[in-house]
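Structure assessment
Residues per chain are reported as follows:
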Amino acid sequence: MSGLCLAADLAGAPAERGWIEPMVAASAERGRDGARLRLAGAAAAAAVELLTSPETRAGELPLVADGGRLVMVADCRLDNREELMAPLRSAGLVSDPRPSDGQLLLAAYRLWGADCPRRLLGDFAFALWDDRERRLLCARDPLGVRPLHYAVDGSRLIAASGVGAVVAGLARSPALDRDFLRRFLAGEHEHWLSTTAYRGVLRLPPAHLLTADPSGIRVERYFRFGGQPRRYGRPEAYVEELRELLQTAVRARLRAPGPVAVLASGGLDSSSIACAAHRLQGAGESLPPVRLYTCTFERRRAADERFYQQALWQRCAGFEVTALPSDDGWGLRRFGRDGGFRLSEPEISVDRFVWLRPLERARADGCRVVLSGVGGDQVFGGDSYGVPYNLLDVGWPELAGELPHFRRRSGRSAAWLLAYRLLRPRLGAGARRVLGHFDRQRDALVPRTPGRPASRLGGREPLTAAAAVSRGLLTGGLFAGNLLALDRVAAHAGVELRLPLLDRRLVDFFLSLPADCLRQNGEEKVLLRRAMRGWLPEPVRTRPGYAHFGELVEAGLRRRERARVERLLDGSRVVALGLVDERLLRRRWMCYLENRNSNRYRFRGLVRWLCLEAWLRSLEEPSPVSVASTGQRESAA
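Residues numbered from 1 in each chain as written. Predicted model: local features only at pLDDT ≥ 70, side-chain atom pairs only at ≥ 80, totals over all residues. Heavy atoms only, no water.

From N to C terminus, the protein includes 23 helices and 20 strands. Relative to the compact-globule value of 26 Å for 637 residues, the protein shows a C-alpha radius of gyration of 24 Å, a close match. Principal-axis analysis of the C-alpha atoms places the extent of the protein at approximately 70 × 60 × 50 Å. Counting all 637 residues of the protein, 59% fall into the buried class. Of the contacts made within the protein by residues no fewer than 6 positions apart, 72% connect residues no fewer than 24 positions apart. For the protein, the exposed area adds up to about 25200 Å²; of that, 50% sits on carbon and sulfur atoms. In the protein, 97 positive and 74 negative side-chain charges are present, and the distance between their average locations comes to 3 Å. (Helix = DSSP H or I, 4+ residues; strand = E, 2+ residues; numbered from the N terminus. Rg over C-alpha atoms; globule rule 2.2 N^0.38 Å. Buried < 20%, exposed > 50% of the residue type's maximum accessible area, 1.4 Å probe, protein only. Contact = heavy atoms within 4.5 Å. Areas by Shrake-Rupley, 256 points an atom, 1.4 Å probe, with all protein chains shown as cover. Lys, Arg positive; Asp, Glu negative; His and termini not counted. Charge placed at Lys NZ, Arg CZ, Asp CG, Glu CD.)

Here it is as structure tokens:
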């Protein structure tokens, strides 16, 4: 992942190097190919670069235009390049035969102004300063794949990819946001959308635009998911459209200057990406070499997918395959500051090692771009029978056939599910919030906040319950937190993580489908399975379940890393802040160790405490030396 840094004085004070240099140093691991600083009027901007596009030239960003009036820095990959270039060339704003994504983005702003983010397809975050108007414009892609954080420091507004870079750019170290920390412990995830662990350091939410000028700061949504329903008379039309959209999404993310890695676990989602790439190459398209990376497990039965992996390897003949034995990838194997990890915020899980191993190996093999199936469950309707809300899509004539599948996957009784199906549409919003609050309370070390949750980044009224569930998952805080965590891991590994299944066109397509395209007769991801007939090997296409990695976390907590957990219990910083009662914390830990079956809810609360504890302790230590060597180049506009 590349990174951006920008500091602009809204009062018009001339920019200084000192504004931006600490931010660049804090962003070093995002810029394996160096950094470039530019001063333009009242703005100091810097790009820390990881070159992952064949059109991008080293040292190009930040871009300056109109005689120094405009300065723009971005972390972006645009997927509708041809669509953008036609009007931009007509307007005389693009002359380069192969412009970079940054050049296209700046030209799009010059043509469409603040409306430009809505016209962009891809993953992006950018900050653009207009020195004449003394106006800063920042935007982030609709699903928040690329992060962007900001803070106000006197008359200056500071924006950067990483939380740590914003903190480094402030004149004084910010205080911890105790409300954020308490909500983190309680398992309330919506705070990941717009706030951070530091008071006054904020996150620009996905699909939002920030405008700052001397009159103030405004944050507004520029994009809403949801559109017209798709009702095709011919069932095959859904299959054909999905195949085309999937290939388009994969093709766009294979644009790279060298070999591309695909994390292919043997699951339905990642295998679909691998097979789509294989078909594109088989069709003679000019694409970079593709390599498959997968973690294999022999002694962890729930995580063992070797049967499906081998079927996938045979189908993708010609792709180089790297299988990484990972039985030793227990929870907390790489945790906290291990390996020089920059822990700018609390992590959200303890399984970093399982992600780092294939990403670091891919980087060592020369891959700068890695594709993953993250988001497939949320988009395609995975575990849809485990969500009782989806019962609202089931008509009463079909209920008898579908109810056993909901009962088995959700763990609810038939009587409870029938009552839910009957009463849920009749409950008021207040009653629904109260019931949800008590239903989610079981895993928390501290009480959850009752009442209305933070606003989601949704759109128009969902067409189906399934669409509402998918949109809620994709635009909710838990997913946002997981994407931020993956971004930090990818930056540490020195690669750019690309997620084809979060293509905006693909998401909008699935949000407009009838519910039976996602779930039917006990089968989930129905349309994806139909579309992949003939593409995927049959054992993968029809596999009935999913791999589970809870055993790895158990191995870390109970055995391999138990001593580490108990060291963190002694003199707990979370306890010292008054966020958790020490007796409750130790009692939860002992209950977890003594009972292997009935404490699955308490397990999650313990993991959140561990992540917060490790982060708080990291604040007492000097910053780790970056694995990257970031050279700085400066030019003045």
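After that view, the rundown keeps rolling.
Two measures define how a pair of helices packs: the angle their axes make with one another and the distance between the axes. Contact geometry of helix 2 (residues 81–90) with helix 3 (residues 101–112) gives a least axis separation of 10 Å together with a crossing angle of 50°. Here helix 3 runs oblique to helix 2, going by the angle between their axes. Here the hand of the crossing between helix 2 and helix 3 comes out left-handed. Residues Arg-81, Leu-84, Met-85, Pro-87 and Leu-88 of helix 2 form the contact with helix 3, whose participating residues are Asp-101, Leu-104, Ala-107, Ala-108, Leu-111 and Trp-112. Partitioning the contact of helix 2 with helix 3 into residue classes produces 9 nonpolar, no polar and 2 charged. (Axes fitted to C-alpha atoms, helices over the stretch in contact; angles between N-to-C directions. Parallel < 35°, antiparallel > 145°, perpendicular 65-115°, else oblique. Left-handed = near helix turned anticlockwise from the far one by under 90°. Nonpolar A, V, L, I, M, F, W, Y, C, P; charged D, E, K, R; others polar.)

The parallel open sheet is built from 5 strands, whose spatial order is 15-14-13-16-17. Among the strands making up the open sheet, the edge pair consists of strand 15 (320–325) and strand 17 (496–498). The sheet shows a mean angle of 25° between the axes of neighbouring strands, taken without regard to direction. As paired elements, strand 16 (residues 369–371) and strand 17 share 3 bridges and run parallel to each other. The residue of strand 17 that forms the bridge with Leu-371 is Arg-498. Where helix 8 (residues 306–315) meets the sheet, its contacts fall on strand 14 (290–296) and strand 15, and the angle it forms with strand 14 comes to roughly 165°. (Pairing = 2+ DSSP bridges.)

As a further point, take the side chain of Arg-519. In this structure, Arg-519 sits in strand 18 (residues 519–520). Not counting residues up to four positions away in its chain, the partners in contact with Arg-519 are Ser-384, Tyr-385, Asn-390, Asp-393, Val-394, Glu-402, Phe-406 and Val-526.

With 186 residues, the main nonpolar core has Phe-126 and Phe-510 as its most contacted residues. Looking at this core, the element that brings in the most residues is helix 23 (residues 600–618), giving 10 residues. Contact partners of Phe-510, with chain neighbours within four places excluded, come to Leu-242, Val-379, Phe-380, Leu-518 and Leu-527. By size, the runner-up hydrophobic cluster in this structure holds 7 residues, among which are Tyr-385, Leu-403, Phe-406 and Leu-417. (Core = buried A, V, L, I, M, F, W, Y, C linked by side-chain atoms within 4.5 Å.)

Turning our attention to the sheet that holds strand 5 (residues 70–78). Read across the sheet, 6 strands follow the order 4-5-6-7-11-12 without closing on themselves; strand pairing throughout is antiparallel. On the outer flanks of this sheet lie strand 4 (63–65) and strand 12 (216–221), each paired with one strand and no other. In this sheet, neighbouring strand axes are inclined to one another by 15° on average, regardless of whether the strands run parallel or antiparallel. Bridge count between strand 4 and strand 5: 3 bridges; the pairing is antiparallel. Counterpart to Ala-65 in the pairing with strand 5 is Leu-70.

Below, the discussion takes up the packing of aromatic side chains. One pass over the full model with this rule turns up 13 aromatic pairs. Here Phe-180 and Trp-192 contribute two aromatic rings whose centre-to-centre distance is 5.4 Å and whose plane-to-plane angle is 75°, an arrangement assigned as edge-to-face. Of this pair, Phe-180 sits in helix 5 (residues 178–186) while Trp-192 is found in the loop between helix 5 and strand 10 (202–203), placing the two residues 12 residues apart along the sequence. By relative accessible area, which is 2% here, Phe-180 ends up buried. For the pair Tyr-198 and Trp-615, a centre-to-centre distance of 5.7 Å together with 80° between the ring planes defines the contact as edge-to-face. Taken together, the positions of Tyr-198 in the loop between helix 5 and strand 10 and Trp-615 in helix 23 put the pair 417 residues apart, joining distant regions of the chain. Note on Tyr-198: relative accessible area 11%, which makes it buried. When its relative accessible area of 0% is taken as the criterion, Trp-615 is described as buried. Three or more aromatic residues link up through ring pairs in this structure, and these residues are Phe-180, Phe-184 and Trp-192. Between Arg-519 and the ring centre of Tyr-385, over which it is positioned, the NZ or CZ distance is 5.6 Å. (Phe/Tyr/Trp six-rings, centres within 6.5 Å; stacked < 30°, edge-to-face > 60°. Lys NZ or Arg CZ within 6 Å of the ring centre and 35° of its normal.)

Right, let's get into unusual backbone geometry. The omega torsion across Leu-61 and Pro-62 is -5°, close enough to zero to call that bond cis. In this fold, Pro-62 is placed in the loop between strand 3 (43–48) and strand 4. Phi at Lys-525 is positive, roughly 55°, even though this residue is not glycine. As for its placement among the helices and strands, Lys-525 is situated in the loop between strand 19 (523–524) and helix 17 (526–531).

What follows deals with the pairing of strand 12. Looking at chain direction, strand 11 (residues 208–213) and strand 12 are connected through 6 bridges and run antiparallel. Opposite Ala-212, over in strand 12, you have Ile-217 as the bridge partner. The loop that links strand 11 with its antiparallel partner strand 12 comprises 2 residues.

The next subject is the pattern of salt bridges. One pass over the full model with this rule turns up 58 salt bridges. A salt bridge links Glu-305 to Arg-543; the nearest nitrogen and oxygen atoms lie 2.7 Å apart. In this pair, Glu-305 sits in the loop between strand 14 and helix 8 while Arg-543 sits in the loop between helix 18 (538–541) and helix 19 (550–560), placing the two residues 238 residues apart along the sequence. For the pair Glu-305 and Arg-543, a shared accessibility class is recorded, and that class is buried. For Asp-328, the salt bridge goes to Arg-333, with nearest N and O atoms at 3.1 Å. Salt bridges sharing common partners tie together Arg-30, Asp-75, Arg-146, Asp-487, Glu-496 and Arg-498. (Salt bridge = Lys/Arg side-chain N within 4 Å of Asp/Glu carboxyl O.)

What follows deals with a nonpolar patch on the surface. A surface patch of nonpolar side chains, amounting to about 380 Å² of accessible area, comprises Trp-396, Leu-418, Leu-422 and Leu-423. The topology assignment puts Leu-422 in helix 12 (residues 414–423). (Patch = residues over 30% accessible without salt bridge, like charges linked within 9 Å, V, L, I, M, F, W, Y side chains within 5 Å.)

Moving on to the state of the cysteines. If you walk through the whole model with that rule in mind, you get 0 disulfides. There is no disulfide at Cys-138, and the cysteine sulfur nearest it, in Cys-116, is 12 Å away. (Disulfide = S-S within 2.5 Å.)

All right, on to the pairing of strand 3 then. Counting buried residues along strand 3, 6 of its 6 residues qualify, which places the element largely inside the surrounding structure. Of the two faces of strand 3, the one carrying Ala-43, Ala-45 and Ala-47 and the one carrying Ala-44, Ala-46 and Val-48 are both buried. For strand 1 (residues 3–9) and strand 3, the ladder comprises 6 bridges, and the chain directions are antiparallel. Within strand 3, the residue paired with Leu-6 across the bridge is Ala-45. Note that strand 2 (residues 35–40) and strand 3 share 6 bridges and pair antiparallel. In the strand pairing of strand 3, Leu-37 is matched with Ala-46. Two successive antiparallel strands, strand 2 and strand 3, enclose a turn made up of 2 residues, where Gly-41 displays a positive phi of approximately 65°.

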